[in-house]
Amino acid sequence: MAWMVANRVTPNLLMLALLAGGLLMTTLIKQEVFPEFSLDIVTVSVSYPGATPEQVEQNIVLAIEEKVRDVSSIDDMTATASEGSGTVVLELAESADGQAVFQDVQQAVNQITTFPDDAERPVISLSDHQRDVLDIQVYGDVNETALRAYAEEVRDRLLQSPDITQVELEGVRDYVIRIAIAQERLRSYGLTLNDVADTVAASAVDVAGGSADTASGEVLLRLEGRRDAAREFERIPLLTTPEGTVVRLGDVAKVQNGFEDSKTEATYDGARSIGIEVFRVGKQTPISVSEATRKVMADLETDLPPSLQYAINGDSSQIYQQRLELLLKNAFMGLLLVLVVLSLFLEMRLAFWVTMGIPTAFLGAFLFLPLMGVTINMISMFAFIIALGIVVDDAIVAGENIYEHRERGAGVLEAAMAGARDVAMPISFSILTNIVAFLPLLLVPGFIGKLFGVIPLVVITVFLVSWVEALFIMPAHLAHGRPRQRNRLSAAIHRRQQAFSRGFSRLVSDYYAPFASKLVAHRYLTSAFGVAVLLIVLAWAMSGRMGFALMPKVESDRAQATLTLPYGSPMPRMAETRDRLEDAAEQVIADNGGEKLATGVFATIEENAIEMRVYLQPADMRPISTAAFIQAWREQLGEVAGLQSAQFQSDAGGPGAGKAITVELSHRDTDTLDRAAESLAARLGEFAGTTDIDSGVAQGKNQISFTLNDAGRSLGLTNADVGSQVRAAFYGAEALRQLQGRNEVKIMVTLPQGERDSAAAIRNLLIRTSDATYVPLHQIADIDYSRAFTQITRRNGRRSIDVTANVTPFDATSRITQTLNAETLPQLAEDYPGLTYGYSGRQEDTADSLHALFVGFVLSLAGIYMLLAIPFASYLQPIIVMVAIPFAVVGAIIGHEIMGYSLSVISLMGMLALAGVVVNDSLVLIHYANTLRQRGENAADAVRLAAVRRFRPILLTTLTTFGGLAPMIFETSLQARFMIPMAISLGFGILFATGITLVLVPCFYVIVEDLRTRLVR
């Protein structure tokens, strides 16, 4: 240390390297809205077209569950059997190697040999967090084919840009070439739909014939038969009559290019639309992708047909820019407050070099952050704001001590060396305690842990760089600074600063010193009062009156509604409900500023669900909040008869979005499970403030089941014969699939629409027997009418159902869950024996996070205790220093009450980090008291003198820490709400702990000495 202080070149070069290197890295580091992370989820999906949910469960889901059950590192398994597909989602353990588990799952699923013949190949994927940059809506008064063609052109042009890698279409149906043949034609030629499909499959393919060596060289052989357009399929020879006439497909069938039969439709501002989602991949930034997209669309605009328009919405680069400006504004204001506070207490030159520690530590950190995969994003920028006030604490302690040595008459070099040496030990251990306090944030599991896990990486790196700056760089600058002749302005500032400093010192000696003496004299009464305050505040927080949540709700720049109708609802009913929902949204927009509020309305119909997104103006421009819009939209819509469920979201796509309450029920009997779910939904409706309640029970589609009877078996028919012919008639017989451009196209052979759209058509379907005769279906099979399941959900091998609800205000969620746990759910289990229940969604994430934070808190306290015990060489004194921790938590709780925030997991993360920060002031005070004890002072006088002497650095570190966080704490922007609770915990916790350090720590110090003296006696 002495060598660094004496050598002025080395510290300057080190500082220059940190500043210049950091500046360079800021231009190279990746920029994004939120940190990039994988979800630690493996998904297995199998399509089984035309199958009911029960068939999918029996033939697909159970087979997958059985095979993957023994794969290690799987924490949770959720399966969903829907009409036509089954999905199994495997949640991996925190420590699992995602790629290794993914490969194990692949091997296990590939061993399954019992999948039905009509099931498609399993699709197995390791889920990644997709990073949507913006949405493009192409819309207009054109038919679906023309709109799709133009959307494809836009997608292709976007993908030609070197700055765009991933583009997906939204609200589209798959291409199909449909071959429709009437039963009369099939019967006249003795064919079935499957026969026709087999002929098409054999005729419409290219076959590679290898190569042949000829005298002129090697020749490639190829049989060409591929067809792409409907008219080309019409020319396929189907059969030859006894008279020698070739019957072609077009002679007996109607062949059309079209789209699959599904209820899928998208609109934008009421016109037919296709959505185009643009993503960023790898090192691409939101800004670069957005700029490239807008450039491509501007070039395409000249070729845009008059009947088409496009709109760009949900641009995350604008969100990134707005939030970056918000955070930079708060960081600059915090830095300015820190400089002002330092300038009041310290001379300008010292205040300048102390403040310079902030950019040095920040830019120096940028040299190392890319090595840990940290990017510039909302969370890492917030981490820098957290570190803003804390990082100067060490420089303040060192600089203030150097300043004191100079006031005593020491030379600049001697003062720098002695001042830095005196506090090197407490500074080092205070930084280590800070690091230990932030480390447990890396233990938080799930989405929250991945989102906020960047904070400890940033803060710890900044702390380590600031350690070097405070003990090696700053003392050298203070030691070698040349005294300069002050001009009139600087002289006036210096005089005022010195006058303030002297006045402050008198204030401390005249008021605080005698106050500290009285506190120590009445130490037991003072301590009892402090403990009483601690217990009262903790009891208030634990009573649930403050509310508790996983994360504060963060308003999105889009309002979203999802209406679910009964399965099988006709398309006209779906469209009518969509139009009513859109009319309600348009009315709210018109009543609240029109274009000043919203830019457009995008709606999709997907089977029985209607999803509508209203794109709003930025938060600082729109006249009402997203939550207010949602409330008005809900009221304007009113009651919609026949809805299965309705959900309105003001935080769609934001961190922690989702239903406030999700209760998972499980029972072996499906009917009992449904009744229990409906009962719980009804009881949730009795709570004040619950909305969007969904029992999870849905009325399934009507189902017609066939059982082959004796008459059918006597004709030589089998279940496979009848089943394949029924499937071909109504779902279609798949001839083949082929790739056309970027799209996979199915060629399907089926009956005309008029022969498969009624119950009579089903009963009278002609089934061909083994002797080529045809009989109606109702003669060879018994027919039963029932309802199918809409969807079957399984959790870890058992059928389950989720009952969900939102809560307004959101803070009331914890009170409702307390009542559910104490009364409602136990009573439900009594009413339905065999029923098990638990929480999923937000509640499950909250429970996991709380457990991890508790474990982290215990480990953190143990680490801090050991770090404090080393320099003090005592088992008791670390406990005195750590007294500040519970009282800091009291300050954090009071801060939440003052600012009107409920407690959340983010608040607790701030309190956890607070544990290491608040002990620093106590550490400095106790260390100095011990030094005075070694000089012969008694315990009471030593701690009193130490409190007076360290009053200024303790107050300075508190004011700078709170000042650095204050702009974020008092930020009114809705975009920052999910980060503010951590700032409140840190800021108010440190503020309150300072009072404890100056009031209670001296009392506890002397009380410990009292106890030690009595034990010795």
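Residues numbered from 1 in each chain as written. Predicted model: local features only at pLDDT ≥ 70, side-chain atom pairs only at ≥ 80, totals over all residues. Heavy atoms only, no water.

Enquirer: Looking at this model, I keep getting lost on the overall build of the protein chain. Mind explaining?
Expert: A tally of helices and strands in the protein chain yields 34 helices and 32 strands. Taking the principal axes of its C-alpha atoms as reference, the protein chain extends roughly 125 × 80 × 60 Å. A buried classification covers 54% of the 1017 residues belonging to the protein chain. For the protein chain, the share of sequence-separated contacts (at least 6 apart) that also reach a separation of at least 24 residues comes to 80%. Accessible area for the protein chain stands at about 44,300 Å²; split by element, carbon and sulfur atoms hold 55% of it. Taking the 83 positively charged and 111 negatively charged side chains of the protein chain as two groups, their mean positions are separated by 10 Å. (Helix = DSSP H or I, 4+ residues; strand = E, 2+ residues; numbered from the N terminus. Buried < 20%, exposed > 50% of the residue type's maximum accessible area, 1.4 Å probe, protein only. Contact = heavy atoms within 4.5 Å. Areas by Shrake-Rupley, 256 points an atom, 1.4 Å probe, with all protein chains shown as cover. Lys, Arg positive; Asp, Glu negative; His and termini not counted. Charge placed at Lys NZ, Arg CZ, Asp CG, Glu CD.)

Enquirer: Any chance you could explain helix H5 (residues 144-160) here in plain terms?
Expert: Counting along an α-helix, one turn takes 3.6 residues, and residues three or four places apart therefore face a common direction. Its 17 residues give H5 an end-to-end C-alpha distance of 24 Å, which sits within 8% of 24 Å, the value for a rise of 1.5 Å per residue. Its side-chain oxygen at 3.2 Å from the backbone nitrogen of Thr145, Asn143 defines the N-terminal cap of H5. (Expected span 1.5 Å × (residues − 1). Polar contact = N/O pair within 3.5 Å; in protein donor to acceptor, adjacent residues only side chain to side chain.)

Enquirer: How do you make sense of a nonpolar patch on the surface when you look at a structure like this?
Expert: Taken together, the side chains of Phe332, Met333, Leu336, Val340, Leu344 and Phe500 define a hydrophobic patch exposed on the protein surface, amounting to about 550 Å² of accessible area. Ranked by residue count, the leading element in the nonpolar patch is helix H11 (residues 316-345), at five residues. Mapped onto the fold, Met333 is located in helix H11. (Patch = residues over 30% accessible without salt bridge, like charges linked within 9 Å, V, L, I, M, F, W, Y side chains within 5 Å. Salt bridge = Lys/Arg side-chain N within 4 Å of Asp/Glu carboxyl O.)

Enquirer: Would you explain the pattern of salt bridges in this entry?
Expert: If the charged atoms of two oppositely charged side chains come close together, the side chains can form a pair. Tallied over the entire structure, the rule returns 34 salt bridges. A salt bridge links Arg622 to Asp557, with the nearest nitrogen and oxygen atoms 2.9 Å apart. A residue pair is termed long-range when its members are at least 10 positions apart, and Arg622 in the loop between strand S19 (609-616) and helix H21 (626-637) and Asp557 in the loop between strand S16 (548-549) and strand S17 (558-564) qualify at 65 residues. Asp557 shares its class with Arg622; the two are buried. Residues Arg713 and Asp710 are paired through a salt bridge, measuring 2.7 Å at the closest nitrogen-oxygen approach. Placement of both Arg713 and Asp710 in helix H23 (residues 710-714) is noted, with a separation of three residues, approximately one turn of the helix. Judged by relative accessible area, which is 46%, Arg713 ranks as partly exposed.

Enquirer: I would appreciate a short explanation of the environment of Thr813 in the present structure.
Expert: Considering the arrangement of structural elements, one finds Thr813 in helix H27 (residues 813-831). Separated by 565 residues in the primary sequence, Thr813 and Arg248 have C-alpha atoms spaced 67 Å apart.

Enquirer: Looking at this structure, how should I read a negative patch on the surface?
Expert: Taken together, Asp75, Glu91, Glu94 and Asp848 make up a surface patch of like negative charges. Secondary-structure assignment places Glu91 in strand S3 (residues 85-92). On the accessibility criterion, Glu91 (40% relative accessible area) is partly exposed.

Enquirer: So what exactly am I meant to see when it comes to the pairing of strand S21 (residues 661-666) here?
Expert: In the case of a regular strand, side chains alternate between the two sheet surfaces. Most of S21 is tucked away: six of the six residues are buried. Of the two faces of S21, both are covered, the one formed by Ile661, Val663 and Leu665 as well as the one formed by Thr662, Glu664 and Ser666. Note: S21 against strand S30 (residues 798-807), six bridges, orientation antiparallel. What sits directly across from Leu665, in S30, is Ile801. (Pairing = 2+ DSSP bridges.)

Enquirer: Teacher, can you tell me more about the packing of aromatic side chains here?
Expert: Each aromatic ring pair is specified by the distance between its two centres and by the angle formed by the two planes. Counting across every chain of the model gives nine aromatic pairs. Plain terms: the ring middles of Tyr175 and Phe259 are 5.2 Å apart, the flat faces sit at 25 degrees to each other, and that makes the pair stacked. Remark: Phe259 occurs in strand S12 (residues 253-259) and Tyr175 occurs in strand S7 (residues 175-181); sequence separation between them is 84 residues. Consider the rings of Trp633 and Phe648, whose centres lie 5.5 Å apart with planes at 80 degrees: the pair is edge-to-face. Residue Trp633 is found in helix H21, and its partner Phe648 is found in strand S20 (residues 645-649); the two are separated by 15 residues along the sequence. Residues Trp633 and Phe648 agree in their burial class; the two are buried. (Phe/Tyr/Trp six-rings, centres within 6.5 Å; stacked < 30°, edge-to-face > 60°.)

Enquirer: Looking at this structure, how should I read the packing of helix H30 (residues 884-899) against helix H31 (residues 905-934)?
Expert: A pair of packed helices can be characterised by two numbers: the angle between their axes and the separation between those axes. Contact pair H30 / H31: the axes reach a minimum separation of 9 Å and the direction vectors enclose 130 degrees. In terms of orientation, H30 lies oblique with respect to H31. Regarding H30 and H31, the two cross each other, and that crossing is right-handed. Each of Ala884, Ile885, Ala888, Val889, Ala892, Ile893 and His896 in H30 lies in contact with H31, whose residues at this interface are Ser907, Met911, Leu914, Ala915, Val918, Val919 and Ser922. (Axes fitted to C-alpha atoms, helices over the stretch in contact; angles between N-to-C directions. Parallel < 35°, antiparallel > 145°, perpendicular 65-115°, else oblique. Left-handed = near helix turned anticlockwise from the far one by under 90°.)

Enquirer: Any chance you could explain H30 here in plain terms?
Expert: Across its 16 residues, H30 extends 22 Å between first and last C-alpha, which sits within 8% of the 22 Å expected from 1.5 Å per residue. The complete set of buried residues in H30 reads Ala884, Ile885, Phe887, Ala888, Val889, Val890, Gly891, Ala892, Ile893, Gly895 and His896. Following H30 by one or two positions, Gly900 adopts a phi angle in the positive range, close to 80 degrees.

Enquirer: Would you mind going over empty space enclosed by the protein with me for this structure?
Expert: In this approach the atoms are scanned with a rolling probe the size of a water molecule, which exposes any empty space left behind. Throughout the structure, instances matching the rule amount to six cavities of 30 Å³ or more. For the largest cavity, the calculated volume is near 150 Å³. Along the walls of the largest cavity sit 14 residues, with Leu186, Thr192, Leu193, Gln725 and Leu766 positioned nearest its centre. Across the lining of the largest cavity, the residue classes break down as nine nonpolar, four polar and one charged. (1 Å grid on protein atoms, 1.4 Å probe; cavity = no way out; pocket = protein on both sides within 12 Å on 5 of 7 lines; lining within 4 Å. Points joined across faces, edges and corners; volume = space filled by probe spheres on them. Nonpolar A, V, L, I, M, F, W, Y, C, P; charged D, E, K, R; others polar.)

Enquirer: Quick question: what am I supposed to make of the side chain of Arg280 here?
Expert: Assignment of secondary structure puts Arg280 in the loop between strand S14 (271-279) and helix H10 (286-301). Look at Arg280 and you get buried, because its relative accessible area is 5%. Setting aside its immediate chain neighbours within four residues, Arg280 contacts Glu32, Phe34, Arg131, Val133, Thr285, Pro286 and Val289.

Enquirer: How should I be thinking about the sheet that holds S7 in this particular structure?
Expert: Two orientations exist for strands paired in a sheet by backbone hydrogen bonds: parallel and antiparallel. In space, the four strands of this open sheet follow the order S12-S7-S25-S24, with mixed pairing throughout. If you trace the sheet from one side to the other, it starts and ends with S12 and strand S24 (733-740), each paired once. On average, each strand axis in the sheet is inclined to that of its neighbour by 20 degrees, with strand direction left out of account. With seven bridges connecting them, S24 and strand S25 (residues 743-750) associate as antiparallel partners. Residue Glu734 lies in a different strand from S25, and its bridge partner there is Met748.

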